[in-house]
Amino acid sequence: MLVSEKRTGIVLDGALDDWEGIRFQRVTPANGVLDASTIPVYREYDLSFRFAVCHNDDALYVAVEVIDDVINSDSCPDGAISCPAWDDDAVEVFIDGNHNHAEDARANDRADLKFGGEFALVANGAANSDYSGYPKSFGREDTWQGSVKQVQLPGGIPAVRYEFRISWNMMGLNARPDRIGFNISVQDDDDGGRRDHALYFVGNPSRPFVDERYFADLILKD
Ligand SMILES: [Ca+2]
Ligand SMILES: [Ca+2]
Ligand SMILES: [Ca+2]
Ligand SMILES: [Ca+2]
């Protein structure tokens with residue numbers, strides 16, 4: 001279970017100093033869930049991440065810092081809002097806004113996706129929401145927004161920092177819910193072309209991106 005506190009003053013700039021005091025959860029090859037269709041990750045500096053969530057009256061915010069030895073975004077053009085984010089270094093946020101724990105969020109003509117789905121940001125700032133209920137909707141205050149910044153951590157370790165702002169509208173809601181289903185993954189491409197690894201916070205290893213039964217409960221506090 002995750003708990004989100006109400007917070008003001010988050011700025012989508014790829015810097016995470018505005019998240020001070022909010023607890024980050026660390027996800028490594030040892031404690032996360034690997035998509036079984038991808039190859040294993042053996043080293044934390046190949047792929048690991050930490051993330052945090054908070055919210056205000058209008059939106060959910062997610063901050064992510066990914067450690068990754070080689071940064072690649074050859075599959076998604078700069079500025080794209082519809083692209084195969086999963087074939088590049090990218091972060092995907094998964095929302096089960098009606099919290100119905102669907103076994104396949106994309107089944108039944110994608111009817112369940114109007115309550116959320118998948119929102120992805122690529123290391124070059126490209127975005128994709130074609131597997132949410134709101135394709136090509138990135139970039140507006142009433143939809144969803146984000147920022148990406150490539151940085152070096154102490155010791156010269158390459159990292160990418162992401163900040164998401166996902167309006168409650170993107171969950172089919174017009175106000176903050178009390179609880180939603182939530183998951184997050186990092187896709188890793190180290191050699192161009194298609195992805196190498198996909199590491200999830202939680203999930204069903206065979207279909208982690210659609211099986212909401214395995215998502216985490218996210219409690220949104222007043
Ligand atoms: Ca920030
Ligand atoms: Ca890597
Ligand atoms: Ca790629
Ligand atoms: Ca990579």
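This text goes with the structure placed above it.
What this report covers is the structure whose coordinates are included nearby. As the structure is a computational prediction, the values presented were derived from the model and not from experiment. (Residues numbered from 1 in each chain as written. Chains lettered and ligands numbered in written order. Predicted model: local features only at pLDDT ≥ 70, side-chain atom pairs only at ≥ 80, totals over all residues.)

## What to know about the overall build of the chain
Of the regular secondary structure elements, the chain holds 1 helix and 13 strands. Taken from the N to the C terminus, the helices and strands of the chain come in the order β-β-β-β-β-β-α-β-β-β-β-β-β-β. A compact globule built from 222 residues should have a C-alpha radius of gyration of about 17 Å, and the chain, at 16 Å, falls within 12% of that. Projecting the C-alpha coordinates of the chain onto the three principal axes gives extents of approximately 40 × 40 × 35 Å. For the chain, the residues scored as buried account for 47% of the 222 residues in total. Taking all contacts inside the chain whose residues are at least 6 apart in sequence as the whole, residues at least 24 apart take part in 65%. (Helix = DSSP H or I, 4+ residues; strand = E, 2+ residues; numbered from the N terminus. Rg over C-alpha atoms; globule rule 2.2 N^0.38 Å. Buried ≥ 20, exposed ≤ 12 C-beta atoms within 10 Å, placed from the backbone. Contact = placed C-beta atoms within 7 Å.)

## Considering unusual backbone geometry
Unusually for a residue other than glycine, His99 sits at a positive phi of about 55 degrees. Residue position: His99 is located in the loop between β6 (90-96) and α1 (107-110). Judged by local crowding, His99 falls into the buried class, with 20 C-beta atoms found within 10 Å. For Lys136, which is not a glycine, the phi torsion comes out positive at approximately 55 degrees. Along the polypeptide, Lys136 turns up in the loop between β8 (127-128) and β9 (144-153).

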